[in-house]
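# Secondary and tertiary structure notes
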Amino acid sequence: MVIPLFFVFTFLVASSQASVQDFCVADLKLPYGPAGYSCKKPSSVTENDFVFSGLGVPGNTSNIISAAVTPAFDAQFPGLNGLGLSLARLDLATGGVIPMHTHPGASEALIVIQGIICAGFIASDNTVYFKTLNKGDAMVFPQGLLHFQINSGKGSALAFVSFSSPNPGLQILDFALFKNDFPTELVSKTTFLDPAVVKKLKGVLGGTN
Ligand SMILES: *[C@@H]1O[C@H](CO)[C@@H](O)[C@H](O)[C@H]1NC(C)=O
């Protein structure tokens, strides 16, 4: 009799420890940790924490890339915290480009809503995959790989993307290389680009030295 009771007791303890929370709405006032934001008190969570209304508004594409990314990540959309996903809107004016970039923390899925977008990525063995996408076409970009989107049509283009993390991270390759304070000779030496080209790109993108 003692042994079966021991198992029942162990089972009850184990199942009580297996309880999970339904959600962890971000408390944006608390520091960000490796697992995301800390949770808001459930009593202060409202339906508005699970709704983000900003994706209906076109981003401002009057900039050097003629494009805009409107993120709905955990910092903008607290209800996403802990759920392993997020969203963004991509607006590309004629000739617009989302320059070569990576998301260290997430894979991405893109769907074209309007216009024509040429998109692609570079695998870690440097094989390239790119394709012209029309309205309704979707493409995925594996986590951490360099990728881009170009408006290759005549009018503006619109796409929505989703990420496999509430905080995908973003590093734009040209900003990393040229919007920095490294000495020009160092960037030139490590990229094999002429110092004059490095200086020019630092000037355009806001780097120094
Ligand atoms: C878009 O951005 C440009 C450059 O920053 C600015 O001059 C312009 O007022 C903005 N347009 C809107 C509609 O916000």
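Everything that follows concerns the structure shown earlier in this document.
We now turn to the structure provided with this report.

Parameters at a glance
Residues numbered from 1 in each chain as written. Predicted model: local features only at pLDDT ≥ 70, side-chain atom pairs only at ≥ 80, totals over all residues. Heavy atoms only, no water. Buried < 20%, exposed > 50% of the residue type's maximum accessible area, 1.4 Å probe, protein only. Helix = DSSP H or I, 4+ residues; strand = E, 2+ residues; numbered from the N terminus. Pairing = 2+ DSSP bridges. Lys, Arg positive; Asp, Glu negative; His and termini not counted. Salt bridge = Lys/Arg side-chain N within 4 Å of Asp/Glu carboxyl O. Contact = heavy atoms within 4.5 Å.

Burial analysis of strand E5 (residues 117–122) places 5 of its 6 residues in the buried class, which makes it a mostly covered element. Summarising the sheet, E5 and strand E6 (residues 128–133) pair through 6 bridges and their orientation is antiparallel. Bridge pairing in E6 places Ile122 opposite Val128. Taking the residues between adjacent antiparallel strands as the criterion, E5 and E6 are bridged by 5 residues, where Asn126 takes a positive phi near 75°. Of the pairings in the sheet, the one linking E5 to strand E8 (residues 146–151) comprises 6 bridges and is antiparallel in character. In the strand pairing of E8, Gly120 is matched with Phe148.

We now examine the side chain of Lys202. As for its placement among the helices and strands, Lys202 is situated in helix H4 (residues 195–205). For the buried residue Lys202, which engages in no salt bridge, the nearest side chain bearing the opposite charge is Asp181, 5.9 Å off. The contacts of Lys202, once residues within four sequence positions are left out, are Phe178, Asn180, Asp181, Phe182, Thr184, Val187, Gly207, Thr208 and Asn209.

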